[in-house]
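Chain by chain, the residues:
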Protein chains: 2
Amino acid sequence: MSTDHRVEQARPSVPVSGRHATAVAHPNIALIKYWGKLDEQLVIPLVDSLSMTLDVFPTTTTVRLGPAIGTDTVTLNGMPAAGEQRRRVIAFLDLVRERAGSTEAADVETRNSVPTGAGLASSASGFAALAVAAAAAYGLDLDRTEMSRLARRGSASASRSLFDGFAICHAGRGSGDAADLSSYAEPVTVPEFDPAMVVAMVDRAPKAVSSRAAMRRTVETSPLYPAWAESSRADLAEIRIALERGDLEAVGEVAERNCLGMHATMLAARPAVRYLSAATLTVLDAVSDLRKSGVPAYATIDAGPNVKILCHRTDAAHVAETIRGSVPGLSTVTAGRGPGARLRPGVGE
Amino acid sequence: MSTDHRVEQARPSVPVSGRHATAVAHPNIALIKYWGKLDEQLVIPLVDSLSMTLDVFPTTTTVRLGPAIGTDTVTLNGMPAAGEQRRRVIAFLDLVRERAGSTEAADVETRNSVPTGAGLASSASGFAALAVAAAAAYGLDLDRTEMSRLARRGSASASRSLFDGFAICHAGRGSGDAADLSSYAEPVTVPEFDPAMVVAMVDRAPKAVSSRAAMRRTVETSPLYPAWAESSRADLAEIRIALERGDLEAVGEVAERNCLGMHATMLAARPAVRYLSAATLTVLDAVSDLRKSGVPAYATIDAGPNVKILCHRTDAAHVAETIRGSVPGLSTVTAGRGPGARLRPGVGE
């Protein structure tokens, strides 16, 4: 590991002009979940989270300053972004401009290779790519802790996609600037742990309730949330030990229970938030059957019906085939440890 | 309501000899759930529960003293009962014999009209019928509070099936005899509230994990259990007000959230207990769609995949048809408020 605290990814081998930059980021899947905000405005998590960055579903984002017209344009997968998606990108650009002392508008062009808003971590890869590209385009020189805080403002999970492999995002403490400073991501160095993550695409449709709204409702109304947040701290301590040992079964067991606990807090929200669909449970049953047959496989589920299954790389093909056989029409993508967000060298001038 | 504290149901219009007695009891469905024991041995709940006794799925139990052979025989639906089922019935008879100062063995013959052990409250109707029949056969004269404590020893939910319509079972406090005395059931008098309960039979197979084992695991390992138990006290206070107002929508809303909270505590147990199947969630989706279409319908789910839907009697046929259409092969039974457990007059001498 480098001891340089600058963001290596933000220093392309080919210099960019500062007028435009392209970054690539991958989604990450949390094994210890982020659910609940200390501060809605500053996007500060109430709980620590720990994730694996994937090597599939990259998001590629180009930020180009000074368009002919003086307002930002935001394009997502070739179409103009609208509504909440557009608003979030522009709010993020405003933050970068404020720090860079710039008033220049930008064209933002993003391509996701994964369905957007379906619980497949598109906002993690999206805001990680946007943070790296926008910081470079506006000429911000941030170390990686600062970059993770910046990405967090777009989506807390994005802070983790800055890093290769495994990363932790620290919950915030206090309020205001102190809270902002206290919440950042950093890598968790476990070079020997190299599992597979089989992503089971149960449903590609955008979810009915956004993660943001669901988190807020859970924190505000679920009587079970504080107990889960407390138990999640113990889960984190336990999974870090398991990761260091490279113990897939222990990692998987803690990850699955942490995820089920998170969904449990949502079930008890008022009204209930349920991302688990009938097909999700069928996949969970198949994962449980895999374990009974002696294959270590553990499920984790984010804010959507899709299921990600942690297993040994050598078991991944069998796990994927079994899961596909469990639900008609279900497709799978098998991922490994992926790279952190970085500028794409050679694109630009 | 009668002010007589004796159990009216235990006083048949036709006298029985005390040597044998037949009782009929109906299952009840909890709107505020019983989940978790203060005392395993004495079967004392940790939380108050509130239920509706149904007018379907009766259990009929005959207790006949002094069989030719000197050991108890237990017959369930025409077959000799074995294992845990037999053990629980005999332990219950021992309790009755101890109180009656009897050493006589008994033949117990039970017929359930509902699948046993499938989350359809067969143990509630079963132990309510057994308590009433055994008490009469062994000549115990119990008031209804005492009878509810006795039935509770078989299954805490059985204590509620002694009563017509709605009943509450009080959680226990303290330990030993004091705890035993503190936990009993009593009727909740809401004569005007007369809803329907559509029972959706998703799966008739016995559950993989018994309620008893699942409760114990939840209390011992789920970090979310204490918070749910606390919230359930507030739910009870709220539903009692809603019941008194005859407000089906408020009753249903509290009941559904109380049930989802209970299942949430199980999801977070270690390992997780999940009674919710894929078909269960499909039925929950259909219930949610009914509400969106303007039909007040609220789901509650016990320790099994089956779903019970509370609705207005005038909507029951539509609700049942909609639910049947949601899962292939699903059948429904529509229940109303049912009678408390009672001796069957004229059967016996």
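Residues numbered from 1 in each chain as written. Chains lettered and ligands numbered in written order. Predicted model: local features only at pLDDT ≥ 70, side-chain atom pairs only at ≥ 80, totals over all residues. Heavy atoms only, no water.

## Description of the overall build of chain A
Stated precisely, the cut-off is as follows: Secondary structure is summarised from DSSP: a helix means a run of H or I of at least four residues, a strand means a run of E of at least two, and numbering begins at the N terminus for each. Throughout, the radius of gyration refers to the C-alpha atoms, and the reference size of a globule is 2.2 Å times the residue count to the power 0.38. A simple rule labels every residue: compare its accessible area, found with a 1.4 Å probe on the protein chains alone, to the largest value its type can have, and call it buried under 20%, exposed over 50%, or partly exposed in between. It only takes one pair of heavy atoms within 4.5 Å for two residues to be counted as in contact. Charge assignment: positive for Lys and Arg, negative for Asp and Glu; neither His nor the chain ends contribute. Where a charge lies is defined by one atom per residue type, namely NZ (Lys), CZ (Arg), CG (Asp) and CD (Glu).
Assigned secondary structure in chain A consists of nine helices and 16 strands. The C-alpha atoms of chain A give a radius of gyration of 19 Å, which matches the 20 Å a tight globule of 349 residues would have. With the C-alpha coordinates of chain A rotated into their principal frame, the extents come out at 60 × 40 × 40 Å. Residues counted as buried form 59% of the 349 residues belonging to chain A. By sequence separation, contacts in chain A at least 24 residues apart represent 78% of the contacts at least 6 residues apart. Within chain A, the 38 negative side-chain charges are centred at a point lying 4 Å from the centre of the 37 positive side-chain charges.

## Here's the deal with the interface of chain B and chain A
The condition that has to hold: Once two parts are put together, the accessible area they lose, assessed with a 1.4 Å probe and summed over both, is termed the buried area. Salt bridge, as applied in this entry: a Lys or Arg side-chain nitrogen positioned within 4 Å of an Asp or Glu carboxyl oxygen. Polar contact is the term for a pair of N or O atoms within 3.5 Å; when the atoms are in protein, one must be able to donate a hydrogen and the other to accept it, and sequence-neighboring residues count only if both atoms are side-chain atoms. Put simply, Ala, Val, Leu, Ile, Met, Phe, Trp, Tyr, Cys and Pro go in the nonpolar bin, Asp, Glu, Lys and Arg in the charged bin, and everything else, Gly too, in the polar bin.
With 22 residues of chain B at the contact, the number on the chain A side is 22 residues. Roughly 1800 Å² is buried in total at the junction of chain B and chain A, and carbon and sulfur atoms are behind 69% of that figure. Our count for the chain B to chain A interface comes out at four salt bridges. There are four residue pairs in polar contact (both at pLDDT 80 or more) connecting chain B and chain A. Counting residues per element, the ones that place at least two in the side of chain B that touches chain A are α6 (225–245), α7 (248–267) and α8 (278–292) of chain B. For the side of chain B that touches chain A, the residue count by class is 13 nonpolar, four polar and five charged.

## A word on the packing of aromatic side chains
All names here are of chain A. Selection criterion: We call Phe, Tyr and Trp rings a pair once their centres come within 6.5 Å, taking the six-membered ring for Trp, and we label the pair stacked below 30 degrees between planes, edge-to-face above 60, and tilted otherwise.
On inspection of all chains with the given rule, the structure shows six aromatic pairs over all chains. Where Tyr 225 meets Trp 228, the ring centres are 6.0 Å apart and the plane angle is 50°; that geometry is what we call tilted. Remark: Trp 228 and Tyr 225 occur in helix α6 (residues 225–245); sequence separation between them is three residues, near one turn of the helix. Both residues of the pair, Tyr 225 and Trp 228, belong to the buried class.

## Describing the nonpolar core
Heads up, the condition is: We define a nonpolar core as any set of buried Ala, Val, Leu, Ile, Met, Phe, Trp, Tyr and Cys residues linked to one another through side-chain atoms lying within 4.5 Å.
Trp35(A), Ile309(A), Ile323(A), Trp35(B), Ile309(B) and Ile323(B) are the most contacted members of the largest nonpolar core, which totals 95 residues. Counting residues per element, this core draws most heavily on α8(B), which supplies eight residues. Dropping the residues within four chain positions of it, Ile309(A) is found in contact with Ala196(A), Met197(A), Val198(A), Ala200(A), Val283(A), Val287(A), Ala297(A), Tyr298(A), Val319(A) and Ile323(A).

## Structural notes on the environment of Ala227(A)
Relative to the helices and strands, Ala227(A) is located in helix α6. Setting aside chain neighbours within four positions, we find Ala227(A) in contact with Pro223(B), Leu224(B) and Ala227(B).

## Some points on the pairing of strand β1 (residues 20–25) of chain A
Residues and elements named next belong to chain A. Applied cut-off: At least two bridges found by DSSP between two strands is the condition for calling them paired.
Buried residues dominate β1, accounting for six of its six residues. Covered by surrounding structure in β1 are His 20, Thr 22 and Val 24 together with Ala 21, Ala 23 and Ala 25, the residues of both alternating faces. In this structure, β1 lies alongside strand β6 (residues 59–65), joined through six bridges in antiparallel fashion. By the bridge assignment, Val 24 is partnered in β6 with Thr 60. Looking at chain direction, β1 and strand β16 (residues 342–343) are connected through two bridges and run antiparallel. Each bridged residue has a counterpart across the sheet, and for Ala 23 the counterpart in β16 is Leu 343.

## Some words on the relation of the copies chain B and chain A
Note the threshold: When the copies are superposed, the least-squares fit takes in the C-alpha atoms of residues with a pLDDT of at least 70 in both.
Rotating chain B by 180° and translating it 0.0 Å along the rotation axis places it on chain A, where the RMSD comes to 0.0 Å. Expressed as an axis order, the relation between the two copies is that of a two-fold axis. Residue by residue, 100% of the interface of chain B is reproduced at the interface of chain A, so both copies engage with the same surface.

## Let's talk about the sheet that holds strand β8 (residues 79–80) of chain B
Residues and elements named next belong to chain B. Reading across the sheet, the six strands line up as β8-β7-β9-β6-β1-β16 and stay open at both edges, with mixed pairing between neighbours. Unpaired on one side and paired on the other, β8 and β16 (342–343) mark the two borders of the sheet. In this structure, strand β6 (residues 59–65) lies alongside strand β9 (residues 106–112), joined through seven bridges in antiparallel fashion. Paired with Leu 65 across the two strands is Ala 106, which belongs to β9.

## Considerations on the packing of α6(A) against helix α7 (residues 248–267) of chain A
Residues and elements named next belong to chain A. What counts is decided by this rule: All axes here are fitted lines through C-alpha atoms, helices being fitted over the stretch that makes contact, and every angle between N-to-C directions spans 0 to 180 degrees. Angle categories: roughly parallel below 35 degrees, roughly antiparallel above 145, roughly perpendicular from 65 to 115, and oblique for all the rest. Each crossing gets its handedness from the near helix: less than a right angle anticlockwise from the far helix is left-handed, clockwise is right-handed.
Where α6 contacts α7, the axes come no closer than 9 Å and their chain directions differ by 165°. Taken together, α6 and α7 sit at an angle that is classed as roughly antiparallel. In this structure, α6 meets α7 at a crossing whose hand is left-handed. Here Tyr 225, Trp 228, Ser 232, Asp 235, Glu 238, Ile 239, Ala 242, Leu 243 and Arg 245 of α6 lie close against α7, whose contacting residues are Ala 250, Val 251, Val 254, Ala 255, Arg 257, Asn 258, Gly 261, Met 262 and Thr 265. Of the residues assigned to the contact of α6 with α7, the class counts are 10 nonpolar, four polar and four charged.

## Focus on α7(A)
Residues and elements named next belong to chain A. As a reminder, the rule being used: What a helix should span is 1.5 Å times the count of its residues minus one.
Here α7 contains 20 residues, and its C-alpha end-to-end distance of 28 Å stays within 8% of the 28 Å for a straight helix at 1.5 Å per residue. In terms of burial, α7 is a largely internal element, 18 of the 20 residues being buried. Among the residues of α7, the N-terminal cap falls to Asp 247, whose side-chain oxygen and the backbone nitrogen of Glu 249 are separated by 3.2 Å.

## Here's the deal with the domain arrangement of chain A
How big an interface is tends to be expressed through the accessible area that disappears when the partners come together. Residues and elements named next belong to chain A. What counts, and what does not: Domain borders in the structure are assigned automatically or taken from a domain database.
Taken domain by domain, chain A consists of domain 1 (3–190) and domain 2 (196–335). Put simply, the middle of domain 1 and the middle of domain 2, counted by C-alpha atoms, are 24 Å apart. The interface is formed by 33 residues belonging to domain 1 together with 47 residues belonging to domain 2. When residues of domain 1 are sorted by the area they lose upon contact with domain 2, Leu 31, Lys 33 and Trp 35 head the list and together hold 26% of the total. Across the contact surface, domain 1 and domain 2 share two salt bridges. Between Lys 33 and Asp 302 there is a salt bridge, with its nearest N and O atoms 2.7 Å apart. At the level of elements, β2 (28–32), β5 (49–53), α3 (144–154) and β10 (166–169) are the ones that each hand at least two residues to the side of domain 1 that touches domain 2. It is β2 that contributes the most residues to the side of domain 1 that touches domain 2, four residues altogether.

## Quick word on the pairing of strand β7 (residues 73–76) of chain A
Residue and element names in this part refer to chain A. Burial of the side chains of β7 is restricted to one face: Val 74 and Leu 76 are buried, whereas none of Thr 73 and Thr 75 on the reverse face is. The pairing of β7 with strand β9 (residues 106–112) spans four bridges and is parallel. The residue of β9 that forms the bridge with Thr 75 is Glu 109. Two elements, β7 and strand β8 (residues 79–80), share two bridges in a ladder whose sense is antiparallel. Note on β8: the bridge partner recorded for Thr 75 is Pro 80. What sits between the antiparallel neighbours β7 and β8 is a turn of two residues, in which Asn 77 has the positive phi angle 55°.

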